[in-house]
Amino acid sequence: MQRILITGSNRGIGLELVRQYAGDGDLCLFATCRNPGQARQLQELAHLYDGLIQVLQMDITDEGSIAAAVQAVAAKVDALDLLINNAGIGGDDHARIMGQLTASEVGKVVTTNAVSPLIVTQAFRGLLQRGSNPRVVMISSGLGSLQRTDGRSYAYRMSKAAMNMAARVLAFDDAMAGVTTATVNPGWVRTDMGGANAALAPKDSASALRALFKRLTPADSGKFFQYDGTDLPW
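Residues numbered from 1 in each chain as written. Predicted model: local features only at pLDDT ≥ 70, side-chain atom pairs only at ≥ 80, totals over all residues. Heavy atoms only, no water.

This part covers the pattern of salt bridges. Following the criterion strictly, the structure yields 8 salt bridges and no others. For Arg 3, the salt bridge is made with Asp 81, and the minimal N-O distance between the two is 2.9 Å. With a gap of 78 residues between them, Arg 3 in strand E1 (residues 2-6) and Asp 81 in the loop between helix H3 (63-74) and strand E4 (82-85) connect regions that are remote in the sequence. Here Arg 3 matches Asp 81 in class, with each residue buried. For the salt bridge of Glu 16 with Arg 19, the shortest nitrogen-to-oxygen distance reads 2.6 Å. Of this pair, Glu 16 and Arg 19 both sit in helix H1 (residues 12-24), 3 residues apart, which is roughly one turn of that helix. The exposure class of Arg 19 is partly exposed, given its relative accessible area of 31%. Through salt bridges with shared partners, a single network forms among Arg 3, Asp 78 and Asp 81. (Salt bridge = Lys/Arg side-chain N within 4 Å of Asp/Glu carboxyl O. Helix = DSSP H or I, 4+ residues; strand = E, 2+ residues; numbered from the N terminus. Buried < 20%, exposed > 50% of the residue type's maximum accessible area, 1.4 Å probe, protein only.)

Right under this line is the structure:
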């Protein structure tokens, strides 16, 4: 039985990953979001797959909320096999456009997208190290690659580059011994963040991501992947 936790499960790629994993059966899936009471589609999935999906409240920017989620997970299982750090935000114009940037909005995006996944990973470290082939996956973006030469979206790009570095350090930290850590670009996906003109449907991105997650081994730790499993430049 797989034991999986996905952050940001109330919409987009996170919600689709929950849907597809639940369809497999034989797992214990923890689906987290800030406001479960408002996550109608997620709650419907939890009802449909009664017993497979545990919907948990977790605000990844609140360490008290994270600690409570760890306790809730530990009350159900003694280990985690896969942590998918998917939750993130894009930011408004004050985090995107030169001339309109503010420190508070840029900082909010960087904290949410880069600092918070690191703190979440730290909090679940003990459960992960007791897992079977334990893996931590950071859902990043091609916009976080330093090879990009286009402009705007400052905070989002900065946050994903910082997330990439956090994953890279985790992969080589002795304190994370036994846990494979990888970073993945899910592609340009038709979600609230990706927009209606994006190239990929959520179900196609999620399906490819799941195949990639399944085949991750310790030899992949510290790598940055495209959703189809090809390597990406940092």
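Back to the text.
This part is about a nonpolar patch on the surface. Together, Met 98, Leu 101, Tyr 154 and Met 158 make up an exposed nonpolar region whose accessible area comes to about 380 Å². Considering the arrangement of structural elements, one finds Met 98 in the loop between E4 and helix H4 (103-123). When its relative accessible area of 57% is taken as the criterion, Met 98 is described as exposed. (Patch = residues over 30% accessible without salt bridge, like charges linked within 9 Å, V, L, I, M, F, W, Y side chains within 5 Å. Areas by Shrake-Rupley, 256 points an atom, 1.4 Å probe, with all protein chains shown as cover.)

Bear in mind that shape data such as this cannot, by itself, settle questions of function.
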